[in-house]
Amino acid sequence: MTFTVRPLNPAIGAVIEGLDLRQPLSASTQQQLEQALFNHQVLFLRGQAISPAQHARFAQRFGELHVHPIYPNVPEQPEILILDTAVTDVRDNALWHTDLTFLPTPALGAALLARQVPAYGGDTLWASGTAAFDGLSAPLQRLLDGLSATHDFSKSFPLARFGNTPEALERWQATRRRHPPVSHPLVRTHPVTGRKALFISEGFTLAINELQSHESEALLKLLYQHATQPQYCVRWQWQAGDLALWDNRVTQHYAVDDYRPQRRVMHRATILGDVPV
Ligand SMILES: O=C(O)CCC(=O)C(=O)O
Ligand SMILES: [Fe+2]
């Protein structure tokens, strides 16, 4: 082992110590890192003073990167998306969500790097979809397994907030055309571990397709609450230079919006995934 893995709790989250992402990773280190990611679902690496190019190169080891349709990016490294409260001040991530579930192939994962953090506040939480599924009663597991849900980007990115200049409106409409609502299984099986996970994303999930709308609404409400109980979550207090790498296939996350007017700057590389099954 070239690094150590320190779990933060039984359900989700581990700190990786002894890795410097400025250095190339060997194939075996990469493999061990992937194993740690599958086991713990979100990994935290402190003190990573890497450039946007190094950040993108690291994330690319896990798959091809996505260029976000709405958020700004680093001009010389467009795969690196910028979340800077001084520039866009969007608050859409203060809501439980799984990234890009409005795509037929939602993100496999992401590597989020803290560039500038507030003195306090601005934590991020992740919740384990596998722990949440395991924590349901067997009859409810059986009911959910086999159902599907509709996901749509406009739930988190509504026209009313993202179309208020002619350019923004044009961009939103182009995004609308390119991204019609999509259907995903409500219970997803991790392609490597085979574990089942509750696959809901409050930011983008509209309804459970097979149910009547009032049934869907009530059941989704229950599932959103169930899936984000503290025993399924980890909460990270950022320092500048921290990198979080998460498996987006089986987790949700939530960026706490409690630190303004302090500035917070995050860079994210998003790894493309496959069709959830
Ligand atoms: O700003 C954060 O801590 C997380 C934001 C987020 O939801 C993301 O990067 O996908
Ligand atoms: Fe996110």
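Preceding this paragraph is the structure being described.
Residues numbered from 1 in each chain as written. Chains lettered and ligands numbered in written order. Predicted model: local features only at pLDDT ≥ 70, side-chain atom pairs only at ≥ 80, totals over all residues. Heavy atoms only, no water.

## Let's talk about helix α7 (residues 213-227)
Item 1. The terminal C-alpha atoms of α7 lie 21 Å apart, and with 15 residues this matches the ideal 21 Å at 1.5 Å per residue to within 8%.
Item 2. The secondary structure elements touched by the buried residues of α7 are β8 (124-128), α3 (129-134), α4 (138-144), β12 (196-198), β13 (205-208) and β16 (251-255). (Helix = DSSP H or I, 4+ residues; strand = E, 2+ residues; numbered from the N terminus. Expected span 1.5 Å × (residues − 1). Contact = heavy atoms within 4.5 Å.)

## Thoughts on the sheet that holds β13
Item 1. Ordered by their spatial adjacency, three strands build an open sheet running β10-β9-β13, and the pairing between neighbours is antiparallel. In the strand order of this sheet, the two ends are held by β10 (182-185) and β13, each with one partner. On average, each strand axis in the sheet is inclined to that of its neighbour by 35°, with strand direction left out of account.
Item 2. Two elements, strand β9 (residues 148-151) and β13, share three bridges in a ladder whose sense is antiparallel. Considered in β13, the bridge of A149 is made with I208. (Pairing = 2+ DSSP bridges. Axes fitted to C-alpha atoms, helices over the stretch in contact; angles between N-to-C directions.)

## Examining the side chain of H190
Item 1. Tracing the sequence through the fold places H190 in the loop between β11 (187-189) and β12.
Item 2. Given a relative accessible area of 3%, H190 falls into the buried group. (Buried < 20%, exposed > 50% of the residue type's maximum accessible area, 1.4 Å probe, protein only.)

## Here's the deal with the pattern of salt bridges
Item 1. Following the criterion strictly, the structure yields twelve salt bridges and no others.
Item 2. One salt bridge connects E17 with R6, and the closest N-O pair in it is separated by 3.4 Å. One end of the pair, E17, is in strand β2 (residues 14-17); the other, R6, is in strand β1 (residues 4-7), with eleven residues separating them in the sequence.
Item 3. Note that D145 and K196 form a salt bridge whose closest N and O atoms lie 2.4 Å from each other. Of this pair, D145 sits in the loop between α4 and β9 while K196 sits in strand β12, and the two are 51 residues apart along the sequence.
Item 4. Overall, the relative accessible area of 33% leaves K196 in the partly exposed class. (Salt bridge = Lys/Arg side-chain N within 4 Å of Asp/Glu carboxyl O.)

## Description of the layout of surface pockets
Item 1. Roughly 160 Å³ of internal volume is contained in the largest pocket.
Item 2. Forming the boundary of the largest pocket are I70, R161, F162, G163, N164, E167, A168, R171 and W172.
Item 3. If you list the elements that add at least two residues to the lining of the largest pocket, you get α5 (159-162) and α6 (166-178).
Item 4. The biggest single contributor to the lining of the largest pocket is α6, with four residues.
Item 5. Counted by class, the lining of the largest pocket contains four nonpolar, two polar and three charged residues. (1 Å grid on protein atoms, 1.4 Å probe; cavity = no way out; pocket = protein on both sides within 12 Å on 5 of 7 lines; lining within 4 Å. Points joined across faces, edges and corners; volume = space filled by probe spheres on them. Nonpolar A, V, L, I, M, F, W, Y, C, P; charged D, E, K, R; others polar.)

## What to know about the site of ligand 1
Item 1. Lining the immediate surroundings of ligand 1 are L83, N93, H97, D99, L112, T124, W246, H253, A255, R264, M266 and R268.
Item 2. Within the contact set of ligand 1, an oxygen atom lies 3.0 Å away from a side-chain nitrogen or oxygen of H97.
Item 3. The separation between an oxygen atom of ligand 1 and a polar side-chain atom of R268 is 2.6 Å.
Item 4. For ligand 1, whose accessible area on its own is 290 Å², the fraction buried by protein is 98%.
Item 5. Judged by its atoms lying within 2 Å of the grid points, ligand 1 is housed in the largest cavity.
Item 6. The set of elements that each furnish at least two residues to the shell around ligand 1 consists of β16 and β17 (265-271).
Item 7. Here the shell around ligand 1 is built from residues that sort into five nonpolar, four polar and three charged. (Near = heavy atom within 4 Å. Polar contact = N/O pair within 3.5 Å; in protein donor to acceptor, adjacent residues only side chain to side chain. Areas by Shrake-Rupley, 256 points an atom, 1.4 Å probe, with all protein chains shown as cover. Sits in = over half its atoms within 2 Å of the grid points.)

So far we have only geometry, and geometry alone does not tell us how the molecule works.
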